[in-house]
Amino acid sequence: MDKDVLLIGNNKSFMYNAIANGLENEGFVTNRCVMTEADIVRAGVVHSFWILYLDESNVGKEYRDQYNFIKEHILMNNPKFFIIGHDSELQDIYQFVPQDIISKTYPRPINVQQLVSNMNRMIADEEGGESKKRILIVDDTPASLHTLQKNLLQKYDVYMCNSGMSAITFLVKDTVDLILLDVEMPIVDGMQVLEMLRSEPTIKDIPIMFLTSKSDKEHVMKAAKLNVESYLLKSMSPKLLVRSIDNYFESPAYKKKHKKDD
């Protein structure tokens, strides 16, 4: 499956161009075009991925001809088809484009990293390869989030949330293979977030590792009783952090459970 993309939308939009640049930085060949039949044909209709970026410039019944044109070519060429937009915009386009030809929808503003990760996963699935494990980091400190992301990105697909509630919102729509959860968060701490996650039936079985700056025996023993996979210190070297996570995914217990889930 090729990494070629037809990106349709308002090419004067900052977010539209950020999406294109994000895809290109990850090795995708992105053909940009506005939502007119002539421009879509000029860009080429045969691509592995079609992405339609909706905003106020291309939503409404007056665009029904363009929507129908897109629908016909999706049905004819069968690419992966993504639509990005607010709920009201998506409801509008569903009048003209059947939902069963849409591979996935994303809210606006979009997390480009999440989009890229999903596209890479689809390519890996198509080619029978092994896609990267997905890790969600939950931490209220931006510096800590970005440091952890930087250390893990080479081997894993990494997502970030700055609170327990944003993590639950994320996980309702997208699953991950592991959660790294900061214990010392204000308002709702990691222990409480853990309880919230365990109470949600669809996400209660996702493995969780605690992140903490405290290494005293009391905290370690308390965490050990909460059925988390591990207790990682924020002071760990990047190499040791990655090795700890590697070891978890390579452990017989994880492989046995993963095989059973498959």
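Described in the following lines is the structure provided in the data block. (Residues numbered from 1 in each chain as written. Predicted model: local features only at pLDDT ≥ 70, side-chain atom pairs only at ≥ 80, totals over all residues. Heavy atoms only, no water.)

1. Points about the overall build of the protein
Okay, so step 1: Check the secondary structure of the protein and you find 11 helices and 10 strands.
Okay, so step 2: The buried share among the 262 residues of the protein stands at 48%.
Okay, so step 3: Of the contacts made within the protein by residues no fewer than 6 positions apart, 63% connect residues no fewer than 24 positions apart.
Okay, so step 4: In the structure as shown, the protein presents an accessible area of about 13,800 Å², 51% of it carried by carbon and sulfur atoms.
Okay, so step 5: Between the centroid of the 31 positive side chains of the protein and the centroid of its 37 negative side chains there is a distance of 6 Å. (Helix = DSSP H or I, 4+ residues; strand = E, 2+ residues; numbered from the N terminus. Buried < 20%, exposed > 50% of the residue type's maximum accessible area, 1.4 Å probe, protein only. Contact = heavy atoms within 4.5 Å. Areas by Shrake-Rupley, 256 points an atom, 1.4 Å probe, with all protein chains shown as cover. Lys, Arg positive; Asp, Glu negative; His and termini not counted. Charge placed at Lys NZ, Arg CZ, Asp CG, Glu CD.)

2. What about the environment of Tyr 94?
Okay, so step 1: As for its placement among the helices and strands, Tyr 94 is situated in the loop between α4 (87-93) and β5 (104-106).
Okay, so step 2: Separated by 27 residues in the primary sequence, Tyr 94 and Tyr 67 place their C-alpha atoms 9.6 Å from one another.
Okay, so step 3: The residues contacting Tyr 94, other than those within four sequence positions of it, are Gln 99, Ile 102 and Thr 105.

3. A few points about helix α7 (residues 164-173)
Okay, so step 1: Along α7, the residues that are buried comprise Gly 164, Ala 167, Ile 168, Phe 170 and Leu 171. For α7, the buried positions fall inside an angular range of 165° around the axis, keeping them on one side. Across from the buried face of α7, at angles greater than 90 degrees, the exposed residues are Met 165, Thr 169, Val 172 and Lys 173.
Okay, so step 2: If you follow the buried residues of α7, they end up packed against α5 (112-127), β6 (134-138), β7 (157-161), β8 (178-182) and α8 (190-198). (Arc of directions from axis to C-beta.)

4. Here we look at the pattern of salt bridges
Okay, so step 1: By the definition in use, this model includes 10 salt bridges.
Okay, so step 2: For Arg 32, the salt bridge goes to Glu 24, with nearest N and O atoms at 3.1 Å.
Okay, so step 3: The exposure class of Arg 32 is partly exposed, given its relative accessible area of 33%.
Okay, so step 4: Judged by its relative accessible area of 33%, Glu 24 falls in the partly exposed class. (Salt bridge = Lys/Arg side-chain N within 4 Å of Asp/Glu carboxyl O.)

5. So, the side chain of Asp 92
Okay, so step 1: Of note, Asp 92 is situated in helix α4.
Okay, so step 2: Buried charge Asp 92 goes without a salt bridge, the closest partner of opposite sign being Lys 61 at 4.8 Å.
Okay, so step 3: A distance of 3.3 Å separates a polar side-chain atom of Asp 92 from the backbone nitrogen of Gly 60.
Okay, so step 4: In contact with Asp 92, not counting residues within four places along its chain, are Val 59, Gly 60 and Tyr 67. (Polar contact = N/O pair within 3.5 Å; in protein donor to acceptor, adjacent residues only side chain to side chain.)

6. Here we look at the packing of aromatic side chains
Okay, so step 1: Taken as a whole and judged by the stated rule, the model has nine aromatic pairs.
Okay, so step 2: Taken together, a centroid distance of 6.1 Å and an interplanar angle of 75° make the contact between Phe 28 and Phe 49 edge-to-face. One end of the pair, Phe 28, is in the loop between α1 (14-25) and β2 (29-33); the other, Phe 49, is in strand β3 (residues 49-53), with 21 residues separating them in the sequence. Here Phe 28 and Phe 49 have matching classes, each one buried.
Okay, so step 3: An angle of 40° between the planes, with centres 5.4 Å apart, marks the rings of Tyr 67 and Phe 96 as tilted. Taken together, the residues Tyr 67 in helix α3 (residues 64-77) and Phe 96 in the loop between α4 and β5 connect sequence positions 29 residues apart. Summarising the burial analysis for this pair, Tyr 67 and Phe 96 share the class buried.
Okay, so step 4: One aromatic cluster is present, built from ring pairs that chain together Phe 28, Phe 49, Phe 82 and Tyr 106.
Okay, so step 5: The ring of Phe 28 carries the charged tip of Lys 3 above its face, separated from the ring centre by 4.5 Å.
Okay, so step 6: In this structure, Lys 104 is placed above the aromatic ring of Tyr 106, and the distance from its NZ or CZ to the ring centre is 5.8 Å. (Phe/Tyr/Trp six-rings, centres within 6.5 Å; stacked < 30°, edge-to-face > 60°. Lys NZ or Arg CZ within 6 Å of the ring centre and 35° of its normal.)

7. Here's the deal with helix α10 (residues 238-250)
Okay, so step 1: With 13 residues, α10 should cover 18 Å at 1.5 Å per step; its first-to-last C-alpha distance of 18 Å lies within 8% of that length.
Okay, so step 2: Listed in full, the buried residues belonging to α10 are Leu 241, Val 242, Ile 245, Asp 246, Tyr 248 and Phe 249. For α10, the buried positions fall inside an angular range of 160° around the axis, keeping them on one side. (Expected span 1.5 Å × (residues − 1).)

8. Quick notes on the pairing of β6
Okay, so step 1: Buried residues dominate β6, accounting for five of its five residues.
Okay, so step 2: The alternating pattern of β6 places Arg 134, Leu 136 and Val 138 on one face and Ile 135 and Ile 137 on the opposite face, and all of these are buried.
Okay, so step 3: Here five bridges tie β6 to β7, and the two strands are oriented parallel to one another. Each residue of the ladder has a partner; that of Leu 136, found in β7, is Tyr 159.
Okay, so step 4: Remark: the β6/helix α6 (residues 142-152)/β7 crossover connection has right-handed handedness.
Okay, so step 5: Both β6 and β8 contribute to a ladder of four bridges, which runs parallel. (Pairing = 2+ DSSP bridges. Right-handed = clockwise from strand over helix to strand, strands pointing away.)

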